[in-house]
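Remarks on the overall topology
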Amino acid sequence: GENVEQHPSTLSVQEGDSAVIKCTYSDSASNYFPWYKQELGKRPQLIIDIRSNVGEKKDQRIAVTLNKTAKHFSLHITETQPEDSAVYFCAEAGLLLNDYKLSFGAGTTVTVRA
Amino acid sequence: NAGVTQTPKFQVLKTGQSMTLQCAQDMNHNSMYWYRQDPGMGLRLIYYSASEGTTDKGEVPNGYNVSRLNKREFSLRLESAAPSQTSVYFCASGLSEGNEQFFGPGTRLTVL
């Protein structure tokens, strides 16, 4: 989306290494930052999210960090495995009326080499 | 629960033809969304419905119309298809206050 920049667009890592994807956003009112994983030919699925009152959140091998001052947030995958190969999308939510409208980054294609 | 379902899964149209993409959810969500996904451009919001009876434009609404038929169903209509509308279309739903969006399996549309 036009509000979120995501880097890199492609990422190749050796199995067992870490992968880091970074996103920046422009709306200072944003307060919800989800990450979606999309395997080839499948639908996007939420893997982790963070809200603006938290700086870091972890769930097993994945973690997300948020820097509201700098307006960027990152996804960290440790000990990568072949099943981590997918496209990952960051998003941010701008409150509109009573609903949250997500703006997505362009995606990062992650390839884990065996 | 089936979650979010979409029909059809694949469709080929000729330029100028019309069609309606169907979406239904059984999670009692208030909000529903239509996205298109193109290579290198992520997911772009076409239209959304914050609650039954309301719809509003997203980032790329031109050439599309929507109907929130009831709380469960949200359809997307292409009145006169164009090759630029060749894409994968995803429907999603979510609780207004919960933020997480659940996606359907997608419809792959080709306009010749």
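The text that follows walks through the structure, step by step, so that each part is easy to find. (Residues numbered from 1 in each chain as written. Chains lettered and ligands numbered in written order. Predicted model: local features only at pLDDT ≥ 70, side-chain atom pairs only at ≥ 80, totals over all residues. Heavy atoms only, no water.)

In this section: the interface of chain B and chain A. Interface size is commonly expressed as the accessible surface area that is lost when the partners come together. With 22 residues of chain B at the interface, the matching set in chain A holds 20 residues. Across the chain B/chain A interface, buried area totals approximately 1800 Å², and carbon plus sulfur atoms make up 52% of it. At the boundary of chain B with chain A, the tally comes to zero salt bridges. Joining chain B to chain A, the criterion identifies three residue pairs in polar contact (both at pLDDT 80 or more). Of all elements in the fold, only β4 (31-37) and β5 (43-49) of chain B reach the threshold of two or more residues within the side of chain B that touches chain A. The dominant element in the side of chain B that touches chain A, judged by the number of residues it contributes, is β4(B), at four residues. (Contact = heavy atoms within 4.5 Å. Buried area = accessible area lost by both parts, 1.4 Å probe. Salt bridge = Lys/Arg side-chain N within 4 Å of Asp/Glu carboxyl O. Polar contact = N/O pair within 3.5 Å; in protein donor to acceptor, adjacent residues only side chain to side chain. Helix = DSSP H or I, 4+ residues; strand = E, 2+ residues; numbered from the N terminus.)

Right, let's get into unusual backbone geometry. Of the consecutive residues His7(A) and Pro8(A), the connecting peptide bond is found in the cis state with omega at -5°. When you line up the elements, Pro8(A) lands in the loop between β1 (4-7) and β2 (10-14). Here Thr7(B) and Pro8(B) are connected by a cis peptide whose omega angle stands at -5°. Mapped onto the elements, Pro8(B) comes out in the loop between β1 (4-7) and β2 (10-13). Even without a glycine there, the phi angle at Lys71(A) is positive, about 60°. Of note, Lys71(A) is situated in the loop between β7 (62-67) and β8 (72-77).

It is worth spelling out the side chain of Gln37(B) at this point. The topology assignment puts Gln37(B) in strand β4. The class of Gln37(B) is buried, set by a relative accessible area of 15%. (Buried < 20%, exposed > 50% of the residue type's maximum accessible area, 1.4 Å probe, protein only.)

Okay, the sheet that holds β8(A) next. Residue and element names in this part refer to chain A. Read from one edge to the other, the open sheet built from five strands follows the order β1-β3-β8-β7-β6, with strand pairing classed as antiparallel. The sheet terminates laterally at β1 and β6 (56-59), the two strands that pair on one side only. Put simply, the sheet's adjacent strands are angled 15° from each other on average, direction ignored. The pairing of β1 with strand β3 (residues 19-25) spans four bridges and is classified as antiparallel. (Pairing = 2+ DSSP bridges. Axes fitted to C-alpha atoms, helices over the stretch in contact; angles between N-to-C directions.)

Residue and element names in this part refer to chain A. A complete count under the given rule lists two disulfides over all chains for this structure. Linked covalently through their sulfurs, cysteine 23 and cysteine 90 form a disulfide whose S-S length is 2.0 Å. The sign of the S-S torsion, about -100°, decides the handedness of the disulfide formed by cysteine 23 and cysteine 90: left-handed. Pair noted here: cysteine 23 is in strand β3 and cysteine 90 is in strand β9 (residues 86-96), with a separation of 67 residues, a long-range link. Of the residues examined, cysteine 23 reaches a relative accessible area of 0% and is grouped as buried. (Disulfide = S-S within 2.5 Å.)

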